[in-house]
Amino acid sequence: MIVEQIWTGNAYRNFNYLIACPETGEALAVDPLDHEKCLAAAGDKGWDITQVLNTHEHPDHTGGNRQVIAATGASLLAHAGARDRIADIDRGLSAGDVIRIGRHVELEALDTPGHTMSHVCLLAHTDEPALFCGDTLFNAGAGNCHHGGHPPELYNTFATQLARLPDETRVYPGHDYIANNLRFTLDREPDNARAGELLGEVEGQDPNRALVSTLGLEKEINTFFRLHSPSLIARLREAFPDLPEAPDERTVFLKLRELRNSW
Ligand SMILES: [Zn+2]
Ligand SMILES: [Zn+2]
């Protein structure tokens, strides 16, 4: 499996992806908003984009579909529940569906509600596990729930799906928000030395050569995976004095999501 991460350079800081089979050169484009850059990258590599996949229905993820499909004849894949919000879906995806690219690449569709209620993540089981997580999981952060989402569902997705993936899983999110998210982690957990160190490394990084994290690293630096941290819970109690002595994970997650909305 070859992964090309494409930095759009737009105001929303979107990342687009091409995932290709090294033998056949067939490729799948994930959320190819910057259709010109995606088509140019495929051209440079000699790849044929045969499938376009939208992780969810927001326009900064679907906005390049028409142009990429017109140029390549690719078919369009998205969550089966997004049919009334994304035009012309050829294949509606449900949890466990397998997406094949060429001869060597197989991706599993994960049904991951929370940011929106029809959001899929892709899990590659090939050589190195990899997760294409749209706006569900960001480096050092979690998606918001302002436009069709639901915070308790986002918590369930984190707890029952993402947190259980192997630590070596590489993380490919839909946006570059890492520096700001690390600042939020440090605001919530000021003694998180690894987050402080990493902020120094990624501040001013070239997003064309962005750090690719792993779930193991996220568990160290992403406040939404650190629901048992004593310093995080102590800080949370300053904002929410009614917080119980040993709050459950779900309560901590939902309070963090609420604070992040206005941070
Ligand atoms: Zn979104
Ligand atoms: Zn987005």
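Everything in this summary refers to the structure shown in the same document. Since the model is a prediction, treat every value here as computed from it, not as a measurement.

**A short note on the packing of aromatic side chains**
So, point 1. Across all of its chains, the model carries 12 aromatic pairs by this definition.
So, point 2. Here the aromatic rings of Phe138 and Tyr177 are separated by 4.9 Å at their centres, their planes lie at 75°, and the arrangement is edge-to-face. Of the two residues, Phe138 sits in strand 11 (residues 137-138) while Tyr177 sits in the loop between strand 13 (170-173) and helix 5 (178-188), which places them 39 residues apart along the sequence.
So, point 3. Under the relative-accessibility criterion, Phe138 is labelled buried at 5%.
So, point 4. Ring centres 6.4 Å apart and planes at 20° place the aromatic pair Phe184 and Phe224 in the stacked group. Placement of the pair is Phe184 in helix 5 and Phe224 in the loop between helix 7 (215-221) and helix 8 (230-239), with a sequence separation of 40 residues. One exposure class covers both Phe184 and Phe224, and it is buried.
So, point 5. An aromatic cluster is built from Tyr155, Phe158, Phe184, Phe224, Phe225, Phe253 and Trp263, whose rings are joined through pairwise contacts.
So, point 6. Sitting above the plane of the Phe184 ring, Arg260 keeps its charged end 5.4 Å from the centroid.

**Focus: empty space enclosed by the protein**
If a probe the size of a water molecule is rolled over the atoms, the empty space left behind becomes visible.
So, point 1. Within this structure, the stated rule accounts for 1 cavity of 30 Å³ or more.
So, point 2. Reported here for the largest cavity is a volume of approximately 40 Å³.
So, point 3. Phe15, Tyr17, Val30, Asp31, Thr55, Phe132, Cys133, Gly134, Tyr172, Pro173 and Gly174 are the residues that line the largest cavity.
So, point 4. Listing elements by their share of the lining of the largest cavity, those giving two or more residues are strand 2 (15-20), strand 10 (130-134) and strand 13.
So, point 5. Among the elements that take part in the lining of the largest cavity, strand 10 stands out by supplying 3 residues, more than any other.
So, point 6. In terms of residue class, the lining of the largest cavity is made up of 7 nonpolar, 3 polar and 1 charged.

**Things to note about the pairing of strand 8 (residues 105-111)**
So, point 1. The pairing of strand 7 (residues 98-101) with strand 8 spans 4 bridges and is classified as antiparallel. Within the sheet, the bridge partner assigned to Val98 lies in strand 8 and is Glu108.
So, point 2. Taken together, strand 7 and the strand that follows it, strand 8, pair antiparallel across an intervening segment of 3 residues, in which Gly102 is found at a positive phi of about 60°.

**Let's talk about the coordination of the zinc ion (ligand 1)**
So, point 1. Distances from the zinc ion (ligand 1) to its protein donors, His56 (NE2), His58 (ND1), His115 (NE2) and Asp135 (OD), fall at 2.1 to 2.3 Å.
So, point 2. Here the donor residues for the zinc ion (ligand 1) map to a single chain with the spacing H-x1-H-x56-H-x19-D.
So, point 3. Here the zinc ion (ligand 1) and the zinc ion (ligand 2) are spaced 3.4 Å apart, and both take Asp135 as a donor. Taken together, the positions of His56 in the loop between strand 4 (48-53) and helix 2 (59-62) and Asp135 in the loop between strand 10 and strand 11 put the pair 79 residues apart, joining distant regions of the chain. Assigned by exposure class, His56 and Asp135 land together as buried.

**Structural notes on the environment of Arg209**
So, point 1. Structurally, Arg209 is set in the loop between helix 6 (193-202) and strand 14 (213-214).
So, point 2. In this structure the C-alpha to C-alpha distance between Arg209 and Leu243, which are 34 residues apart in sequence, comes to 41 Å.
So, point 3. Here Asp206 takes part through its side chain, which lies 2.7 Å from a polar atom of the side chain of Arg209.

**Here's the deal with the nonpolar core**
So, point 1. Judged by nonpolar contacts, the single largest core of 27 residues is most densely connected at Leu131, Leu137 and Phe158.
So, point 2. Elements supplying a minimum of two residues to this core: strand 9 (120-124), strand 10, helix 4 (151-160), helix 8 and helix 9 (249-262).
So, point 3. Setting aside its immediate chain neighbours within four residues, Leu131 contacts Leu110, Cys121, Leu122, Leu123, Leu137, Leu162, Leu165, Thr169, Arg170, Val171 and Tyr172.
So, point 4. By size, the runner-up hydrophobic cluster in this structure holds 22 residues, among which are Leu53, Ile99, Ala130 and Ala210.

**Structural notes on the coordination of the zinc ion (ligand 2)**
For a metal bound by four donors in tetrahedral geometry, the ideal donor-metal-donor angle is 109.5 degrees, whereas six donors in octahedral geometry ideally sit at 90 or 180 degrees.
So, point 1. Within the protein, the zinc ion (ligand 2) binds to Asp60 (OD), His61 (NE2), Asp135 (OD) and His175 (NE2); these donor distances fall in the range 2.0 to 2.4 Å.
So, point 2. Of note is the zinc ion (ligand 2), whose 4 donor atoms meet at the metal with angles of 86 to 164° in an arrangement that counts as irregular.
So, point 3. Mapped onto the polypeptide sequence, the residues donating to the zinc ion (ligand 2) form the spacing pattern D-H-x73-D-x39-H.
So, point 4. Using a relative accessible area of 1% as the deciding quantity, one classes His61 as buried.

Basis of the calculations
- Residues numbered from 1 in each chain as written.
- Chains lettered and ligands numbered in written order.
- Predicted model: local features only at pLDDT ≥ 70, side-chain atom pairs only at ≥ 80, totals over all residues.
- Heavy atoms only, no water.
- Phe/Tyr/Trp six-rings, centres within 6.5 Å; stacked < 30°, edge-to-face > 60°.
- Helix = DSSP H or I, 4+ residues; strand = E, 2+ residues; numbered from the N terminus.
- Buried < 20%, exposed > 50% of the residue type's maximum accessible area, 1.4 Å probe, protein only.
- Lys NZ or Arg CZ within 6 Å of the ring centre and 35° of its normal.
- 1 Å grid on protein atoms, 1.4 Å probe; cavity = no way out; pocket = protein on both sides within 12 Å on 5 of 7 lines; lining within 4 Å.
- Points joined across faces, edges and corners; volume = space filled by probe spheres on them.
- Nonpolar A, V, L, I, M, F, W, Y, C, P; charged D, E, K, R; others polar.
- Pairing = 2+ DSSP bridges.
- Donors = N, O, S within 2.8 Å, 3.2 Å for Na, K, Ca; no water.
- Polar contact = N/O pair within 3.5 Å; in protein donor to acceptor, adjacent residues only side chain to side chain.
- Core = buried A, V, L, I, M, F, W, Y, C linked by side-chain atoms within 4.5 Å.
- Contact = heavy atoms within 4.5 Å.
- Tetrahedral: all angles 85-135°; square planar, octahedral: opposite > 155°, others 65-115°.

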